[in-house]
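# Secondary and tertiary structure notes
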Amino acid sequence: VELGQKGIWPDAIREHEKALEMDPHNQTWRTNLSAAHLGFGRWLLGKNNKNEAMNEFRRAMVIDPANAQADQELDKVIASLGKNPMD
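The paragraphs below set out a description of the structure included in this document. (Residues numbered from 1 in each chain as written. Predicted model: local features only at pLDDT ≥ 70, side-chain atom pairs only at ≥ 80, totals over all residues. Heavy atoms only, no water.)

### A look at the overall build of the protein chain
Stated formally: Secondary structure elements follow DSSP: runs of H or I of four or more residues count as helices, runs of E of two or more count as strands, with numbering from the N terminus. Radius of gyration: C-alpha atoms only; globule rule: 2.2 Å multiplied by the number of residues to the exponent 0.38.
Counting its regular elements, the protein chain contains five helices and zero strands. Helices and strands in the protein chain line up, N terminus first, as α-α-α-α-α. A globule of 87 residues ought to have a C-alpha radius of gyration of about 12 Å, and the protein chain, at 13 Å, matches this closely. Taking the principal axes of its C-alpha atoms as reference, the protein chain extends roughly 40 × 25 × 15 Å.

Quick look at the structure:
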């Protein structure tokens, strides 16, 4: 979590993946990994890297389908590309 708070997203993701490998049913670790992908996606979006940002938002949603923020961010990016996020 500390790595994510510092914005070191690739390292935060790697560490959360390791933790989740040790206990795949730990919902807290799953939520944290999803949040790290969300944070990395937002950072990428800030760098105008929309395709990679969308990939990170999708990863966040696969890891934790309850991550509504990742879903909302993905919808915003899709809409900004002139596409309907509901398709």
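### Some words on the nonpolar core
One recurring pattern in soluble globular proteins is that nonpolar side chains are buried together. The following threshold applies: Residue types Ala, Val, Leu, Ile, Met, Phe, Trp, Tyr and Cys, when buried and joined through side-chain atoms within 4.5 Å, form a set referred to as a nonpolar core. Residue exposure (1.4 Å probe, protein chains only): buried if accessible area is under 20% of the type maximum, exposed if over 50%, otherwise partly exposed. In what follows, a contact means two residues having at least one pair of non-hydrogen atoms within 4.5 Å.
Of all hydrophobic cores here, the largest spans 18 residues; its most connected members are Ile13, Leu33, Ala36, Phe40, Met54, Phe57 and Leu74. Elements represented by at least two residues in this core include exactly α2 (9-22), α3 (27-46), α4 (50-63) and α5 (68-80). Once residues lying within four places of it in the same chain are set aside, the contact partners of Ile13 are Leu33, Ala36, His37, Phe40 and Glu56.

### Some words on the pattern of salt bridges
To keep it simple, the criterion reads: Any carboxyl oxygen of Asp or Glu that lies within 4 Å of a side-chain nitrogen of Lys or Arg is treated as forming a salt bridge with it.
Under the defined criterion, the tally for this structure stands at seven salt bridges. One salt bridge in this structure joins Lys76 and Glu73, with 4.0 Å as the shortest N-O distance. Of the two residues, Lys76 and Glu73 are both situated in helix α5; the distance of three residues between them amounts to about one turn of the helix. Salt bridges sharing common partners tie together Asp11, Arg14, Glu15 and Lys18.

### Examining the environment of Val62
Counting through the fold element by element, Val62 comes out in helix α4. Judged by relative accessible area, Val62 falls into the exposed class, the value being 67%. In this structure the C-alpha to C-alpha distance between Val62 and Thr28, which are 34 residues apart in sequence, comes to 15 Å.

### A word on α3
Selection criterion: Working rule for helices: expected span equals 1.5 Å times residues minus one.
The end-to-end C-alpha distance of α3 is 28 Å, a good match for the 28 Å that 20 residues give at a rise of 1.5 Å each. Along α3, the positions that sit buried rather than exposed are Leu33, Ser34, Ala36, His37, Leu38, Gly39, Phe40, Gly41 and Leu44. Where α3 is buried, its residues touch α2, α4 and α5. At the exit of α3 stands Asn48, carrying a positive phi of roughly 65°.

### As for unusual backbone geometry
With a phi close to 65°, Asn48 is a non-glycine residue in the positive phi region. Judged by its relative accessible area of 57%, Asn48 falls in the exposed class.

What is shown is where atoms sit, not what they do.
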